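The primary structure of each chain is shown beneath.
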Amino acid sequence: MNLASETPMRIFVALLLLSIPLGFRCPAQTVPALPASAQSGQQIRPQILQPDATRLLTLTNEARAAEGAGPLTWDTALAAAALKHCLRMAAEGRMAHQLDGEANLTERAGQAGAHFSTIEENIASGSAPTDPIEFHTGWLDSPDHRANMLSHNVDRVGIAVVVSSGVTYAVADYARAVPVLTREEVEADFSSVLRSRGLSVLKDRRDARAYCDQVQGSRSLLFNNPPRYRMLWQNADPAHLPQELLDRLTAERYRQAAVGSCPPQNVADPFTVYRVAVLLY
């Protein structure tokens with residue numbers, strides 16, 4: 001469906017999808033240029049339409065409820081990133097996910113203070129005045145935009161709507177939020193799950209931390225207390241046991257465990273994930 005030519009309000013939409021572990025994916029799509037009338041003449045100060053952004057949140061959560069997806073929570077950091085990008089599009093009179101000299105979506109969200117493991121973006125523009133329902137309907141009618149909006153993998157959103165020079169712009173940034181945890185908090189969360197499965201977690205974390213910190217491919221460590229099984233795991237949720245570990249706990253009998261955390265490896269900022277080592281005895 002060519003939304004640029006078939007939508008009466010001249011609603012143009014585009015999207016960007018970024019996630020861990022898949023990384024960057026942008027569907028093959030050409031973003032239509034805005035009418036020349038919207039790009040000519042002296043630019044006036046953009047007007048931020050916060051009620052329209054709030055209305056889009058309401059419409060989004062109504063659509064998600066109808067599809068059995070949980071509601072999205074408003075995220076001030078994502079909203080700040082969305083607004084900054086929306087104002088930039090309004091200032092330049094064109095629509096794009098990344099304008100010349102601008103940071104990409106993940107960097108913009110990270111700079112605004114968001115912490116996430118998945119992030120997605122929908123953008124749109126239309127002749128002013130544009131009712132928020134027009135943007136909402138345009139995104140729902142596009143399979144990729146609809147998938148972003150109704151995804152079960154996101155739980156936060158920040159939305160911005162701006163009008164300038166007779167054109168209304170909208171940006172919606174969706175993300176899966178990740179809590180910011182200290183090393184000790186990560187270890188405590190992982191340990192709590194292990195205890196719930198009947199294991200005693202050792203207070204001495206030196207071996208687990210050393211194993212976690214070792215460089216990938218380096219020689220094996222000399223453990224103070226050699227484990228029967230060891231593994232390294234990296235994920236956004238330290239309280240969710242990996243399947244490999246669950247299978248091991250089911251297959252063999254272990255009585256004790258040691259847990260250590262360290263900085264993640266091979267993860268581009270600002271995605272937030274945690275790296276954990278677990279030793280089983």
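Conventions and cut-offs
- Residues numbered from 1 in each chain as written.
- Predicted model: local features only at pLDDT ≥ 70, side-chain atom pairs only at ≥ 80, totals over all residues.
- Heavy atoms only, no water.
- Salt bridge = Lys/Arg side-chain N within 4 Å of Asp/Glu carboxyl O.
- Helix = DSSP H or I, 4+ residues; strand = E, 2+ residues; numbered from the N terminus.
- Buried < 20%, exposed > 50% of the residue type's maximum accessible area, 1.4 Å probe, protein only.
- Axes fitted to C-alpha atoms, helices over the stretch in contact; angles between N-to-C directions.
- Parallel < 35°, antiparallel > 145°, perpendicular 65-115°, else oblique.
- Contact = heavy atoms within 4.5 Å.
- Nonpolar A, V, L, I, M, F, W, Y, C, P; charged D, E, K, R; others polar.
- Pairing = 2+ DSSP bridges.
- Polar contact = N/O pair within 3.5 Å; in protein donor to acceptor, adjacent residues only side chain to side chain.
- Core = buried A, V, L, I, M, F, W, Y, C linked by side-chain atoms within 4.5 Å.
- Left-handed = near helix turned anticlockwise from the far one by under 90°.

So, on to the pattern of salt bridges. For the structure shown, the criterion picks out 15 salt bridges. Linking Arg88 and Glu92 is a salt bridge whose minimum nitrogen-to-oxygen distance equals 2.6 Å. Of this pair, Arg88 and Glu92 both sit in helix H4 (residues 76–92), four residues apart, which is roughly one turn of the helix. With relative accessibility at 25%, the residue Arg88 sits in the partly exposed group. The partner of Arg156 in a salt bridge is Asp155, with the nearest N and O atoms 3.6 Å apart. With relative accessibility at 27%, the residue Arg156 sits in the partly exposed group. By relative accessible area, which is 17% here, Asp155 ends up buried. One salt-bridge network, in which partners are shared between bridges, spans Arg88, Glu92, Arg94 and Asp100.

Turning our eyes to something else, we now look at the packing of helix H6 (residues 132–141) against helix H7 (residues 143–150). H7 packs onto H6 with a crossing angle of 105° between their chain directions and a minimal axis gap of 5 Å. It follows that H6 is roughly perpendicular to H7 by the angle criterion. For the pair H6 and H7, contact is made by His136, Trp139, Leu140 and Asp141 and by Pro143, His145, Arg146, Met149 and Leu150, respectively. Here the residues of the contact of H6 with H7 sort into five nonpolar, two polar and two charged.

Moving on: the sheet that holds strand E9 (residues 229–235). Taking strand neighbours across the sheet as the criterion, the four strands line up as E8-E10-E11-E9 in an open arrangement whose pairing is mixed. Two strands in the sheet have a free side with no partner beyond their single neighbour: strand E8 (200–201) and E9. Alignment of strand E10 (residues 256–262) against strand E11 (residues 274–280), held across six bridges, turns out to be antiparallel. Each residue of the ladder has a partner; that of Ala257, found in E11, is Leu280.

So, on to the side chain of Thr106. Position of Thr106 relative to the elements: it lies in helix H5 (residues 105–111). In terms of polar contacts, Thr106 uses its side chain to reach the side chain of Asn104, at 2.9 Å.

The next subject is the nonpolar core. Residues Phe190, Leu194, Leu241, Leu245, Leu249, Val278 and Leu280 are the most contacted members of the largest nonpolar core, which totals 22 residues. Mapped onto this core, the elements with two or more residues apiece are helix H8 (183–196), E9, helix H10 (243–251), E10 and E11. In this view, Leu249 contacts Leu194, Arg197, Leu199, Leu241, Tyr254 and Leu280; residues no more than four positions away in its chain are not counted. Counting 19 residues, the second largest nonpolar core, distinct from the first, contains Ala63, Ala124, Leu150 and Ala172.

This next bit is on the packing of helix H3 (residues 50–66) against H6. Contact geometry of H3 with H6 gives a least axis separation of 9 Å together with a crossing angle of 40°. For the element pair H3 / H6, the angle class is oblique. Crossing hand, H3 versus H6: right-handed. Contacts from Asp52, Arg55, Leu56, Leu59, Thr60 and Ala63 of H3 reach H6 at Pro132, Ile133, Phe135, His136, Trp139 and Leu140. Its residues assigned to classes, the contact of H3 with H6 shows eight nonpolar, two polar and two charged.

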